[in-house]
Amino acid sequence: MEVAKKVTLFFLLFVFASLIMACGGGDNTENTEGTGNGEENAEEVTIVYATGVDTTGSTLKQIEAFEEAHPHINVEYREMPADTGQQHDQYVTMFSSQSSEVDVFNGDVIWTAEFAQANYALELDRFIAADGIELDRHFDGPIQAGNFDGKQWALPAYVNASFFYYRTDITDTPPATWDDLIEQAGALQGEEGTEFGYVLQAAQYEGLVTNFIEIIASYGGYVLDEDNNVIINSPETIKGLEKLAEIVGSDFVPGNILNFQEIETENAWIAGDAVFARNWTYMQSSSDDDERSEVVGNVEIAPLPAGDEGTASALGGWMAMINRYSEHPEEAWELVKFLASEEGQKILAVEGARAPTVKALYDDADVQAAGPLFANPDFVEGLSTAVPRPVSPIYPEISEIIQIEVSRVLVGEQTAEQAAENMQSQIENAMAD
Ligand code: GLC
């Protein structure tokens, strides 16, 4: 695809360097067809699978395929809010009261440590061993994201990295730096009926943390160092945050940008309202959707604009987990196994442009045809250098501190310097408790 050639991804080198190791084909020896222990005669069981709003419809296709392969397991789909923070809070309410209402759920990569420590999730090690699941068929980063305290609590459903979407009917040259973005978004706003130069996620929620983490990283700023020391109060963080505030405060973003999450971004984008956008990989699929999109054929994807240190993308993604209080752990495991399998991930990649963690899928012609990013070898490298958020059982506290302090800068209540100082002391205190 044309687009693929243009996508060159040089993400900031950070951790997860091992993600692409041994990338390539491999035999699919995982058994996704059930355990073969008389499943055909088994009693019918209904399990509930909860996952956040999926505008691409790919989750339902996965469920159909799973039910076909497992006639005795019915899967009831529970749609959770799109906002990961709201989902998180609902699960915490459910699991802390030991509710069994959900059997399998998709957890954000940032939840594993907390959910493992709180004993909300079921360890998967015995299932993995019994079924001979080869974890090394996946990128290492997402596998590690499901591991805490030496145990595997989750298997990856898909991995996320953020990208820069641009309208090819308006420009052939996406901005190389954040300063270029500010210039071009201002100059091109209004072309081809657009209302906005740029859309991103600036609401006070987890998505803001990812936008913040990547823009500060593009200037060399990080929350923690390798030894978990808090290093957020740095000139690099301040520079990145000031740039974010400049963008959010500009005339080329929607007036209500402080309410924008991914869904608002996607809606504005597919309606043809914006020249540029920041979003995860799935927006490839919506951009190309004849039924929903006004911009079919006019969208290409590039790395996010660079700061002084280069371009950086936040690392995201979702992990299949079993509720510790599920009354159907065996059937729940069958679904988890399927979601993480080559077959399950292929459906999500082809129908929903969600990036697989099974390495072999990047050589699959259908996956390559589904999204320009997946056909580009640089994409895989980009994933390996995406910037993770702090791994901690108190991640929600850290995130809330960042959300509040960054938002106060975006609404003009404090300077980036003050925010960096506040985040430093508050995160230090939270981690010391
Ligand atoms: C995406 C990412 C997830 C992140 C969220 C923020 O869903 O996969 O990791 O927390 O966006 O909105």
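Quantities reported herein were computed from a predicted structural model and do not represent experimental measurements.

Focus: the packing of helix 8 (residues 206–218) against helix 9 (residues 235–248)
Following both chains from N to C, one finds helix 8 and helix 9 inclined at 125°, their axes separated by 8 Å at the closest point. The pairing of helix 8 with helix 9 is recorded here as oblique in orientation. As helix 8 packs across helix 9, the resulting crossing turns out to be right-handed. Along the contact surface, helix 8 presents Leu208, Phe212, Ile215 and Ile216, while helix 9 presents Glu236, Thr237, Gly240, Leu241, Lys243, Leu244 and Ile247. Class assignment of the residues belonging to the contact of helix 8 with helix 9 gives a composition of seven nonpolar, two polar and two charged.

A closer look at the layout of surface pockets
Its volume calculated, the second largest pocket comes out at about 310 Å³. For the second largest pocket, the lining is made up of 18 residues, of which Gly85, Asp89, Glu206, Ser399 and Gln403 are closest to its centre. Looking at the lining of the second largest pocket, the elements with two or more residues in it are helix 3 (84–96) and helix 16 (395–410). Residue contributions to the lining of the second largest pocket peak at six residues, all from helix 16. Residue-level mapping places the lining of the second largest pocket at the junction of two domains, with at least three residues from each of domain 1 (45–159 + 316–387) and domain 2 (161–314 + 391–432).

Quick word on unusual backbone geometry
The backbone of Asp149 shows a phi angle near 60°, a positive value even though the residue is not glycine. Its place among the elements puts Asp149 in the loop between strand 4 (147–148) and strand 5 (151–152).

Some remarks on the environment of Leu339
Tracing the backbone through its elements, the reader meets Leu339 in helix 12 (residues 329–339). Accessibility expressed as a relative area gives 2% for Leu339, which makes it buried. Leave out the neighbours within four places in its chain, and Leu339 touches Tyr49, Gln62, Val104, Pro156, Ala157, Ala320, Gly344 and Gln345.

Focus on the confidence of the model for the protein
For the protein, the average pLDDT comes to 91, and 91% of its residues sit at 70 or higher. Note that residues 1–38 has pLDDT below 50 and, in this model, 98 contacts with residues that lie over four places away or in other chains.

Some remarks on empty space enclosed by the protein
Within the structure shown, the criterion is met by two cavities of 30 Å³ or more. In this structure, the largest cavity occupies an estimated 480 Å³ of space. In terms of domain composition, the lining of the largest cavity takes at least three residues from each of domain 1 (45–159 + 316–387) and domain 2 (161–314 + 391–432). What the second largest cavity holds in volume is close to 40 Å³. Among the elements of the structure, helix 8 and helix 9 are those that each provide at least two residues to the lining of the second largest cavity. No other element matches the three residues that helix 8 contributes to the lining of the second largest cavity. Considering only residue class, the lining of the second largest cavity consists of six nonpolar, one polar and two charged.

Calculation criteria
Residues numbered from 1 in each chain as written. Predicted model: local features only at pLDDT ≥ 70, side-chain atom pairs only at ≥ 80, totals over all residues. Heavy atoms only, no water. Axes fitted to C-alpha atoms, helices over the stretch in contact; angles between N-to-C directions. Helix = DSSP H or I, 4+ residues; strand = E, 2+ residues; numbered from the N terminus. Parallel < 35°, antiparallel > 145°, perpendicular 65-115°, else oblique. Left-handed = near helix turned anticlockwise from the far one by under 90°. Contact = heavy atoms within 4.5 Å. Nonpolar A, V, L, I, M, F, W, Y, C, P; charged D, E, K, R; others polar. 1 Å grid on protein atoms, 1.4 Å probe; cavity = no way out; pocket = protein on both sides within 12 Å on 5 of 7 lines; lining within 4 Å. Points joined across faces, edges and corners; volume = space filled by probe spheres on them. Domains from an automatic or database assignment. Buried < 20%, exposed > 50% of the residue type's maximum accessible area, 1.4 Å probe, protein only. pLDDT = per-residue confidence, 0-100.

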